Amino acid sequence: DQLQDNRWGSYVRDLLRDGVNVAKGGVDMGDHPPITPCRHARAGELTGDMARVYDLVTRHFIASVSHDAKWRSTTVKISIEELGEKGDFT
């Protein structure tokens, strides 16, 4: 069960509680649906490339039903004068 997974379980719980992102429409190009994890694989159950592919597929699927990311950015402008004999700059 993805909800119990220590890698993304808390995020999935919040996502299900708050509601998944519903597709905004688009055009069906007739190709295939996205690759989705068929069942939960516990941490350590898969190894090597199998584990990496499962992790990628699962995270991509979770991202595909998640809401768009929001971020903040901050710009800081500083001015530094020469210290000369006034001390050290560390």
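Refer to the structure above for everything that follows.
My aim in this report is to walk through the structure given alongside it, one point at a time. The structure presented is a predicted model; accordingly, all values stated were derived computationally and were not measured.

### Regarding the overall build of the chain
- The helix and strand tally for the chain stands at two helices and zero strands.
- Taking 2.2 N^0.38 as the reference for a compact globule, 90 residues should give roughly 12 Å; the C-alpha atoms of the chain span a radius of gyration of 23 Å, well beyond that estimate.
- The principal-axis extent of the C-alpha atoms belonging to the chain is close to 70 × 40 × 30 Å.
- Residues counted as buried form 14% of the 90 residues belonging to the chain.
- Taking the contacts inside the chain whose residues are at least 6 apart along the sequence as the reference set, 65% of them involve residues at least 24 apart.
- Total accessible area on the chain is roughly 8400 Å²; 56% of this is exposed by carbon and sulfur atoms.
- Of the charged side chains in the chain, 12 are positive and 14 negative, and the gap between their average positions amounts to 6 Å.

### Overview of the nonpolar core
- Trp8, Val12, Leu15, Ala41, Tyr54 and Ile62 together form the largest nonpolar core, which totals six residues.
- Looking at this core, the elements with two or more residues in it are helix H1 (9-18) and helix H2 (48-64).
- When residues no more than four places from it in sequence are discounted, the contact partners of Ala41 are Asp5, Arg7, Leu46 and Tyr54.

### Let's talk about the pattern of salt bridges
- What the rule picks out here adds up to seven salt bridges.
- The closest approach of N and O atoms between Arg7 and Asp5, which form a salt bridge, is 2.5 Å.
- For Arg7, a relative accessible area of 31% puts it in the partly exposed group.
- Residue classification places Asp5 among the buried positions, given a relative accessible area of 6%.
- Overlapping salt bridges bring together Asp14, Arg17 and Asp18 as one network.

### Overview of the layout of surface pockets
- Taken as a whole, the largest pocket spans an internal volume of roughly 160 Å³.
- Along the walls of the largest pocket sit 13 residues, with Gln2, Val12, Phe61, Ile62 and Val65 positioned nearest its centre.
- Counting only elements with at least two residues in the lining of the largest pocket, the list comes to H1 and H2.

### Some details on the packing of aromatic side chains
- The full count for this structure, using the stated rule, is one aromatic pair.
- Plain terms: the ring middles of Trp8 and Tyr54 are 6.4 Å apart, the flat faces sit at 45° to each other, and that makes the pair tilted. Of this pair, Trp8 sits in the segment before H1 while Tyr54 sits in helix H2, and the two are 46 residues apart along the sequence.
- Given the relative accessible area of 5%, Trp8 is considered buried.

### What about a nonpolar patch on the surface?
- There is a patch of nonpolar side chains on the surface, built from Val76, Ile78 and Ile80 and spanning about 350 Å² of accessible area.
- Here Ile78 shows up in the segment after H2.

### Topic: the side chain of Asp5
- When you line up the elements, Asp5 lands in the segment before H1.
- In this structure the side chain of Asp5 is engaged in a polar contact, spanning 2.8 Å, whose partner is the side chain of His40.
- Those residues in contact with Asp5, other than ones at most four positions away along the chain, are His40 and Ala41.

Cut-offs used in this document
- Residues numbered from 1 in each chain as written.
- Predicted model: local features only at pLDDT ≥ 70, side-chain atom pairs only at ≥ 80, totals over all residues.
- Heavy atoms only, no water.
- Helix = DSSP H or I, 4+ residues; strand = E, 2+ residues; numbered from the N terminus.
- Rg over C-alpha atoms; globule rule 2.2 N^0.38 Å.
- Buried < 20%, exposed > 50% of the residue type's maximum accessible area, 1.4 Å probe, protein only.
- Contact = heavy atoms within 4.5 Å.
- Areas by Shrake-Rupley, 256 points an atom, 1.4 Å probe, with all protein chains shown as cover.
- Lys, Arg positive; Asp, Glu negative; His and termini not counted.
- Charge placed at Lys NZ, Arg CZ, Asp CG, Glu CD.
- Core = buried A, V, L, I, M, F, W, Y, C linked by side-chain atoms within 4.5 Å.
- Salt bridge = Lys/Arg side-chain N within 4 Å of Asp/Glu carboxyl O.
- 1 Å grid on protein atoms, 1.4 Å probe; cavity = no way out; pocket = protein on both sides within 12 Å on 5 of 7 lines; lining within 4 Å.
- Points joined across faces, edges and corners; volume = space filled by probe spheres on them.
- Phe/Tyr/Trp six-rings, centres within 6.5 Å; stacked < 30°, edge-to-face > 60°.
- Patch = residues over 30% accessible without salt bridge, like charges linked within 9 Å, V, L, I, M, F, W, Y side chains within 5 Å.
- Polar contact = N/O pair within 3.5 Å; in protein donor to acceptor, adjacent residues only side chain to side chain.

Any link to function would need more than the numbers given here.
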